[in-house]
Amino acid sequence: MTRPLEGLRVVDFTWVRAGPWAARWLAILGADVIKVEWPDPAIGGSTGRVVRNVPGMGSTPDGVPRSMNSDGHFNDMHAMKRSVTMNLRSARGLELAKKLIAQADIVIENFSAGVLKSWGLSFPEMQAIKPDIIYVSMAGFGHTGPRAHFQTMGPSVQALSGLTYISGIPGKPPAGWGWSYMDDTGGMYGAIGALTALQHRTRTGEGQHVDLSQVAAGMTLLGPALLDLTANGRGSRREGFPPGDRAVWPGTPKVHNYRGPIAAPHNTYRTLGGGHNDWVGIVCQTDAQWQALKHAMGDPAWADARFDTLDGRLDHQDEMDQQIQAWVEGFEKYALTDRLQSAGVPAMAVQSNEDRVEHDPQLRARGMYDPASHPILGSWPMQHAPWTMSGTPTPVDRGAPICGEHNVEILCGMLGVSETELREGYADNTFWPKSVPLESYLLEALEAEQVR
Amino acid sequence: MTTDQSTVSGPLTGVRVLELSNQLGQWCGKLMADFGADVIKIEPPTGAAERQVGPFYADVEDPNRSLYFWHYNTSKKSVTLDLDQPEGRDLFRRLARTADVVLETMPPGTLDAMGLGYESLAAENPGLIVCSLTDFGQSGPWVGYQMTDMLHLAAGGQMAACGYDEVDDPERRPIAPGGGNGYHMGAHYAYIATMAALYHRSVTGQGQHLDVSAHESAALTTEMHIPNWIYTNVVVQRQTGRHAGARPSAPSQIPTGDGRYVNMGGGLSSSFRAFVEVMAESGQAGDLQDLKYLDPDVMQENTDHIRNQIAQFVKTVPAETSYVAAQEIAGMPWGIVRAPDELLDDEHFRERGFFIDVEHPELGQTFTYPGAAAVFTATPQQIYRRAPLLGEDTAEVLGAVGIDASRLEQLRASGVV
């Protein structure tokens, strides 16, 4: 069966994380995503391969020789794409990039504002090559405005957008986000922008530039907090905010904290074992759920009529949480999750990365980490799509390309480069950086083609 | 107050969506509506439960005054239908014949039991795309579990990664970041899947059923944490205001002279030396002007020392001073940790048209809303109208499928609408 985006072609100039993550989903959905690479460490590893190759930073598995093709994270992030190497700062490289764009539907990149323009690939220049091209740029501040030249990484996007501030416990520094949430979510908005613009192109034939700002993407996620400010004049620099894991911090005004209905209990509790991730979240959004929890705990004497109402539970939240904690710590987190859910109480184990892969029965049943193969790494679990499409299945059945894996089919097959030129280009800094030893598989692929 | 679809010129113009959704799906529907789709929110006659979620305008609880509902339901229409009554289901079916997409978040099996499942609706409209966004998808051992925003953050791995160093929180408890992001993640994936299915339909004419899991969406949203486990068996540990990691790393969220915080972003690059010149102006450069740091290896070996020295300086000046210097002079990707309160004054995003004033005529007020993540040069994302009042568009929408005023009165009297 076909995938939903079959027939579309994407030129992928992305690097680091947010851009590659956006293009990954277009590839899984069936677009021919061509990752254009230049694996020269001197320019910061524009491919992401070199950055990840710093000892101690990467995720090359034990027993696999470290190389630009050995990183596990890269394998997951660039699944299902094709790879071509060309030097975009050479005249020939730029010419070929333009030929590629002429055969593409979408161009996507997440460099700082102005980088593609400096290569000679501004949006008007792309339109001259391909009038209905969709161009998605993903700079931190976007391509216009007084601070368009400011640079960001995930943590600064989160800080500037307000997301960092809304994570934490009153009286402590912000806890923030323990990973680049906005590289994931910025990636989502890159894919959202591409596919939304595609809808317009399908209807009208018109392409456009989607000028994404990752900081703005983060700011859209704070709507109720911003409206509380603009409509009610209630700011976020206030007592009891952010409220940790609570809906309302004990002893502070019972106002909404932008995480849904006010509820109590609404907290995490330490479970048996006491390890770093031995915790369970428990939430009672209704009095009936509280009664169910109370019953599950064996109707203890402390859980008297004071706790029968939400107001009462909020008024005695610390006492309630201490008592629940004392009960919870006798249980293993998954056993307790099952026990409470069976009793009608919303509860869930706090899951680590290991837990999700090894211990989450739901993800396992849905095939979330089914394996796929990579030319050098072999077969490894991949992160699959969170959807099942009845008409157009989208399994992740191929890992990332090795660097330049598709040079012959793209450069010679699509762009009219002769095999002689390709061979010469491997030596003269056009198709491979002079500073990097040429990978033998590139020549082998070329020889196989000549034999054929 | 009506939305005239003939004047709408967004990228999704011409796409009609029936939204039968709780808090899982309202963000997905809002994106579609602000992009110009005709999104009809089907609510029970008593109103969607999200209308009961605060904060409320002027703290007055009312189904039409929830700021939470306002934000997540801009540009949509509201039609009330009681799907527990046969006439309500019949009207839903009639609307589904006119729709391109049904976005629904009911527990698995609910729509089938009502006779409104994908197979049944598609029999009358083969191009229809039904996107079912649910906590766990349509199958699996946890399907019956009751979830909330925070519990998704627990299951998805977010909480395991967010928290504090021991010095800040001896318990090192996992923290659930706020803002409803447990639901945003599933909404983003549901939106992407729906757009892809629409494209496929434009080529083949075929609709389909999309089974989207909020849990799987969250489990995908921890950057490299899953590959870290798969390839290197690393379990990450929480740290204050920075990435969780296998080993402790130096703080990167630094208090400033004006009581705020600056995040020093990613790794250290050689451009830090330009920032040292700024530090030197007030005699705070320490030894960082030493030429030995020109050597990239020496710089790498002394990363913690350099960052600590920079942090000492950051603590003495206002956040804006060190942030702007880092960006303008050294090109370092720093950010001020801004409270939502501070966003409105941002000249950069004002100039990009991020903030949108939205009229609430029944209140005689106009309020500023957050706008679009991206500037679309041809078809901008807009807020066409404030969130609908409960049932505001029932007469118009049902009128278009043959329900005249007298029939509507009968339906109202019997509680169907």
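Predicted model, so just to flag it, every value in this text is computed and none were measured. (Residues numbered from 1 in each chain as written. Chains lettered and ligands numbered in written order. Predicted model: local features only at pLDDT ≥ 70, side-chain atom pairs only at ≥ 80, totals over all residues.)

1. Notes on the overall build of chain B
- Secondary structure assignment for chain B yields 17 helices and 12 strands.
- In terms of principal-axis extent, the alpha carbons of chain B reach across some 85 × 50 × 45 Å.
- Across the 417 residues in chain B, those meeting the buried criterion constitute 56%.
- Restricting to contacts in chain B with at least 6 residues of sequence separation, those with at least 24 account for 67%. (Helix = DSSP H or I, 4+ residues; strand = E, 2+ residues; numbered from the N terminus. Buried ≥ 20, exposed ≤ 12 C-beta atoms within 10 Å, placed from the backbone. Contact = placed C-beta atoms within 7 Å.)

2. Here's the deal with the overall build of chain A
- For chain A, the count of helices and strands is 18 helices and 12 strands.
- When the 452 residues of chain A are sorted by exposure, 60% land in the buried category.
- Across chain A, contacts joining residues at least 24 apart in sequence account for 65% of those joining residues at least 6 apart.

3. Some thoughts on the environment of Ser 78 of chain B
Residues and elements named next belong to chain B.
- Within the secondary structure, Ser 78 is located in strand 3 (residues 77–80).
- Residue Ser 78 is classed as buried on the basis of its 23 C-beta neighbours within 10 Å.
- Linking Ser 78 and Val 15, residues 63 residues apart in sequence, is a C-alpha distance of 16 Å.
- Discounting residues that sit within four places of it in the chain, Ser 78 has contacts with Lys 41, Glu 43, Pro 388, Leu 389, Leu 390, Gly 391, Glu 392 and Asp 393.

4. Section: the domain arrangement of chain B
- As far as domains go, chain B holds domain 1 (5–220 + 350–413) and domain 2 (253–342).
- The distance between the C-alpha centroids of domain 1 of chain B and domain 2 of chain B comes to 43 Å. (Domains from an automatic or database assignment.)

5. Some remarks on the nonpolar core
- With 254 residues, the main nonpolar core has Val 10, Leu 26 and Ala 194 of chain A together with Ala 193 of chain B as its most contacted residues.
- In terms of residue count, helix 8 (residues 181–204) of chain B provides more of this core than any other element does, 13 residues in total. (Core = buried A, V, L, I, M, F, W, Y, C linked by C-beta atoms within 7 Å.)

6. Some remarks on the sheet that holds strand 9 (residues 335–336) of chain B
Residues and elements named next belong to chain B.
- Strand order in this open sheet of three strands is 7-8-9, and the pairing throughout is antiparallel. A single partner strand is all that each edge strand has here, and the edge strands are strand 7 (253–255) and strand 9.
- The pairing of strand 8 (residues 261–263) with strand 9 spans two bridges and is classified as antiparallel. Counted as the bridge partner of Val 262 is Ile 336 from strand 9. (Pairing = 2+ DSSP bridges.)

7. Notes on unusual backbone geometry
- Cis geometry marks the peptide bond from Ala 264 of chain A to Pro 265 of chain A, where omega comes out at -5°.
- With respect to the helices and strands, Pro 265 of chain A occurs in the loop between helix 9 (223–232) and strand 7 (266–270).
- The residue after Gly 54 of chain B, namely Pro 55 of chain B, is reached through a cis peptide bond having omega 0°.
- If you trace the backbone, Pro 55 of chain B turns up in the loop between strand 2 (38–43) and helix 2 (67–72).
- The phi torsion at Ala 58 of chain B lies on the positive side, around 55°, for a residue other than glycine.
- Residue Arg 172 of chain B is not a glycine yet carries a positive backbone phi of 50°.
- Examined against the element boundaries, Arg 172 of chain B turns out to sit in the loop between helix 7 (158–161) and helix 8.

8. Things to note about the environment of Leu 133 of chain B
All names here are of chain B.
- Structurally, Leu 133 can be placed in strand 5 (residues 129–134).
- Leu 133 sits 25 residues away from Pro 108 along the chain, and the two C-alpha atoms are 9.5 Å apart.
- When sequence neighbours within four positions are dropped, the list of residues in contact with Leu 133 reads Leu 24, Gly 25, Cys 28, Leu 103, Thr 105, Gly 186, Ala 190, Val 212 and Ala 214.

9. Topic: the interface of chain A and chain B
- Contact with chain A, which involves 131 residues of that partner, is made by 133 residues of chain B.
- Ranked by the residues each element gives to the side of chain A that touches chain B, the list is headed by helix 7 (residues 181–204) of chain A, at 17 residues.
- Direction of pairing for strand 12 (residues 387–389) of chain A relative to strand 6 (residues 208–213) of chain B: antiparallel, over a ladder of three bridges. Note that in strand 6 of chain B the partner of Met 389 of chain A across the bridge is Leu 210 of chain B.

10. Quick look at helix 1 (residues 18–28) of chain A
Residue and element names in this part refer to chain A.
- Most of helix 1 sits inside the fold, with 11 of its 11 residues counted as buried.
- Residues of helix 1 that are buried include every one of Ala 18, Gly 19, Pro 20, Trp 21, Ala 22, Ala 23, Arg 24, Trp 25, Leu 26, Ala 27 and Ile 28, and no others.
- With its phi angle positive at about 110°, Gly 30 sits one or two positions after the end of helix 1.

11. Quick look at the packing of helix 7 of chain A against helix 8 of chain B
- Taken N-terminus to C-terminus, the directions of helix 7 of chain A and helix 8 of chain B make an angle of 25°; their axes are 9 Å apart at the nearest point. On the basis of the axis angle, helix 7 of chain A is roughly parallel to helix 8 of chain B. Where helix 7 of chain A crosses over helix 8 of chain B, the handedness of that crossing is left-handed. Together, Thr 185, Met 188, Ala 191, Ile 192, Leu 195, Thr 196, Leu 198, Gln 199 and Thr 202 of chain A of helix 7 of chain A and His 188, Tyr 191, Ile 192, Met 195, Ala 196, Leu 198, Tyr 199 and Ser 202 of chain B of helix 8 of chain B make up the contact between the two elements. (Axes fitted to C-alpha atoms, helices over the stretch in contact; angles between N-to-C directions. Parallel < 35°, antiparallel > 145°, perpendicular 65-115°, else oblique. Left-handed = near helix turned anticlockwise from the far one by under 90°.)

12. Observations regarding the sheet that holds strand 7 of chain A
Residue and element names in this part refer to chain A.
- Judged by pairing direction, the sheet is antiparallel, and its three strands sit side by side in the order 7-8-9 without closing on themselves. The outermost strands of the open sheet, each flanked by one partner alone, are strand 7 and strand 9 (347–349). Averaged over all adjacent pairs, the angle separating strand axes in this sheet is 20°, with direction ignored.
- One ladder, built from five bridges, connects strand 7 with strand 8 (residues 279–283); its direction is antiparallel. Within the sheet, the bridge partner assigned to Tyr 269 lies in strand 8 and is Val 280.
- Strands strand 7 and strand 8 of the sheet are contacted by helix 12 (residues 317–328), whose axis makes an angle of about 40° with strand 7.
- Of the strands in this sheet, strand 8 and strand 9 touch helix 13 (residues 333–342), which is tilted by about 165° from strand 9.

13. Looking at the pairing of strand 11 (residues 378–381) of chain A
Residue and element names in this part refer to chain A.
- As defined by bridge partners, strand 10 (residues 371–374) adjoins strand 11 across four bridges and the pair is classed as antiparallel. Across the sheet, the residue bridging to Ala 372 is Trp 380, located in strand 11.
- Here strand 10 folds back onto strand 11 in antiparallel fashion, the turn holding three residues.

14. Some words on the pairing of strand 11 (residues 365–370) of chain B
Residue and element names in this part refer to chain B.
- The sheet contact formed by strand 10 (residues 355–360) and strand 11 spans six bridges and is antiparallel. The residue of strand 11 that forms the bridge with Ile 356 is Tyr 369.
- Linking strand 10 back to strand 11 in an antiparallel pair, the connection comprises four residues, with Gly 364 at a positive phi of about 65°.

15. Focus: helix 11 (residues 272–281) of chain B
Residue and element names in this part refer to chain B.
- Every buried residue of helix 11 is accounted for by Phe 272, Phe 275, Val 276, Val 278 and Met 279. Axial view of helix 11: buried residues confined to an arc of 155°, hence all on one face.
- Elements in contact with the buried residues of helix 11: helix 13 (303–314) and helix 14 (319–330).
- Directly after helix 11, the chain includes Gly 283, whose backbone phi takes a positive value near 70°. (Arc of directions from axis to C-beta.)

16. Quick look at the confidence of the model for chain B
- Of all residues in chain B, 98% have pLDDT values of 70 or greater, and the mean over the chain is 96.
- Two summary scores accompany this predicted model of the complex, namely pTM at 0.98 and ipTM at 0.98. (pLDDT = per-residue confidence, 0-100.)

17. A closer look at the environment of Gly 14 of chain B
All names here are of chain B.
- Looking at the secondary structure, you find Gly 14 in the segment before strand 1 (16–20).
- Judged by local crowding, Gly 14 falls into the partly exposed class, with 15 C-beta atoms found within 10 Å.
- Expressed as a C-alpha distance, the spacing of Gly 14 and Gly 163, which sit 149 residues apart in the sequence, is 45 Å.

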